Structure formats: C-alpha cells, structure tokens
Amino acid sequence: FEHAQHYTMEKVILKTLIYADIFDYPLKVFEIHKWLIGRKAQLRQVESAIGRLIQSSQLKVKSDYYFLPRRNGLVSKRQRRESQSAKYLRKAEALTTILKMIPWIKLVGVSGGLAMDNAGKGDDIDLFIITAKNRLWISRLMILGILSLMGQRRKVGDFGRKIAGKFCINTLLEEDKLEQGSKDIYLAHEVLQMKVLWERGGIYSKYLLDNEWAFKFLPNWT
C-alpha cells in the first residue's frame, strides 16, 4: 500500500473498492475519497477518475453507490444493513448509559461492521472500550457481569442465532497503551472507522494521535 503513490488514480480507486467489496460494501463518491487507500487526493480528482472508470465499464453505479461489475446486489444489501445497524446502534447506546457509570471507563464505542452501518441481522455487536491505567481487568469483569445479567453477552462457542444482537468486547485498551499492535490496512480501517458513543477527558484524540500510523494507509480520512 505504501506504493500507491505510483499508481494511477483509477488503480487506487479500484483497490479501494476491491477492499470494500470484501465486506459487501458499495461506496458513495465521498466515501471512496475518505477511504482512498494510500493516496492523498482532492475530491474532484477522485470524481474525474470515477467518470473514466464508469466509461471503461470497470465500475458500475446504482443509486449513487459505486461497485465492481456484476455486484449490483450490494446496494440493496447495504440499505438493509443500514436499517439493521440503526437498531443495533440504539441498543449499544442504551448499554453505554450503564457502562459510563463505571468510573474507570474512559471511552465506549462500537467497531467492526456496525461502525460502518454494515451490520447484518445475524451479527453480534463489537464493543470498543478504553479504560483507566491498571483498570483493564476489573473493567472487563464488570462489563461481562453487566452483559451476563442482561442476557446480552456473546459467549465463547456461541454461533448462529445465539450471537445475533449480543455484545462482544472486541477491543479493550488502557489509556496509557493505546497504540494498536499490527499495522496493516485492516487495522487502519478498524482504528479510523470505530464509532465513539461516549468518551471523557479527550481520550479519543489521544487514541488517534497514538495511532497516527493509520493515516499512512488512509490519508484522506477526517
């Protein structure tokens, strides 16, 4: 991805759409620009290159969503998932009002598909939590206890219908150890697409600062 500067804009856009296609996720113009892999660009440059890709039939468009040829079905799939995600997000927001009462929790967010409004009906809800220093394990125990009491905890070994709409602690970090380990395109997306539901003490800005390596992969993200 560090060689993206040497590619034509068309190739960089195709690379971005191929990555999104892995997650069955067609993109609007501003999203292609926002998630453009490895290339700093202006929106109008992206729009011009998209026009050329449409003319050469390398890209298709429907309802302002762009996708690879023969992937028309993705548009209605994304719309269905947006509707499902709105329900799951309301559920996560309700849980957040409880979790923010735990004094050591500094940030509650959602990651994975839900952070992109791309959660399916059978998906679980991935929680992203930042805790105070040396309070990770006690916070984890309290969160899991709350989820178990509510009957909303995704347990190890659960699959199929059992996981739908249940909560899973996907990422748990302490405020003094915010830098993510692996540094690749997948994790860069996870860092930047995480949706904050609540935070205190400006911890989200610190999280972005400690993971500024992600902007090398996704330099147009704001």
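Residues numbered from 1 in each chain as written. Predicted model: local features only at pLDDT ≥ 70, side-chain atom pairs only at ≥ 80, totals over all residues. Heavy atoms only, no water.

Things to note about the pattern of salt bridges
Side-chain pairing between opposite charges can occur once the charged atoms of the two side chains come close. Tallying each qualifying case throughout the model produces twelve salt bridges. For Glu10, the salt bridge identified is with Arg52, shortest N-O distance 2.5 Å. Of this pair, Glu10 sits in helix α1 (residues 9-22) while Arg52 sits in helix α3 (residues 43-55), placing them 42 residues apart in sequence. The closest approach of N and O atoms between Asp176 and Lys177, which form a salt bridge, is 3.9 Å. Here the salt bridges share partners, and the residues they tie into one network are Asp21, Asp24, Arg71 and Lys77. (Salt bridge = Lys/Arg side-chain N within 4 Å of Asp/Glu carboxyl O. Helix = DSSP H or I, 4+ residues; strand = E, 2+ residues; numbered from the N terminus.)

Let's talk about the sheet that holds strand β4 (residues 125-131)
Taken in spatial order, the four strands make up an open sheet running β5-β4-β3-β6, and their pairing is mixed. Among the strands making up the open sheet, the edge pair consists of β5 (167-174) and β6 (195-199). On average, each strand axis in the sheet is tilted by 25 degrees relative to the strand beside it, whichever way the strands run. Across four bridges, strand β3 (residues 105-110) lies against β6 in antiparallel orientation. By the bridge assignment for β6, Leu107 is matched with Glu199. (Pairing = 2+ DSSP bridges. Axes fitted to C-alpha atoms, helices over the stretch in contact; angles between N-to-C directions.)

Regarding the packing of aromatic side chains
Within the structure shown, the criterion is met by four aromatic pairs. Look at Trp213 and Phe217: their rings are 6.1 Å apart centre to centre, the planes differ by 90 degrees, and that puts the pair in the edge-to-face class. (Phe/Tyr/Trp six-rings, centres within 6.5 Å; stacked < 30°, edge-to-face > 60°.)

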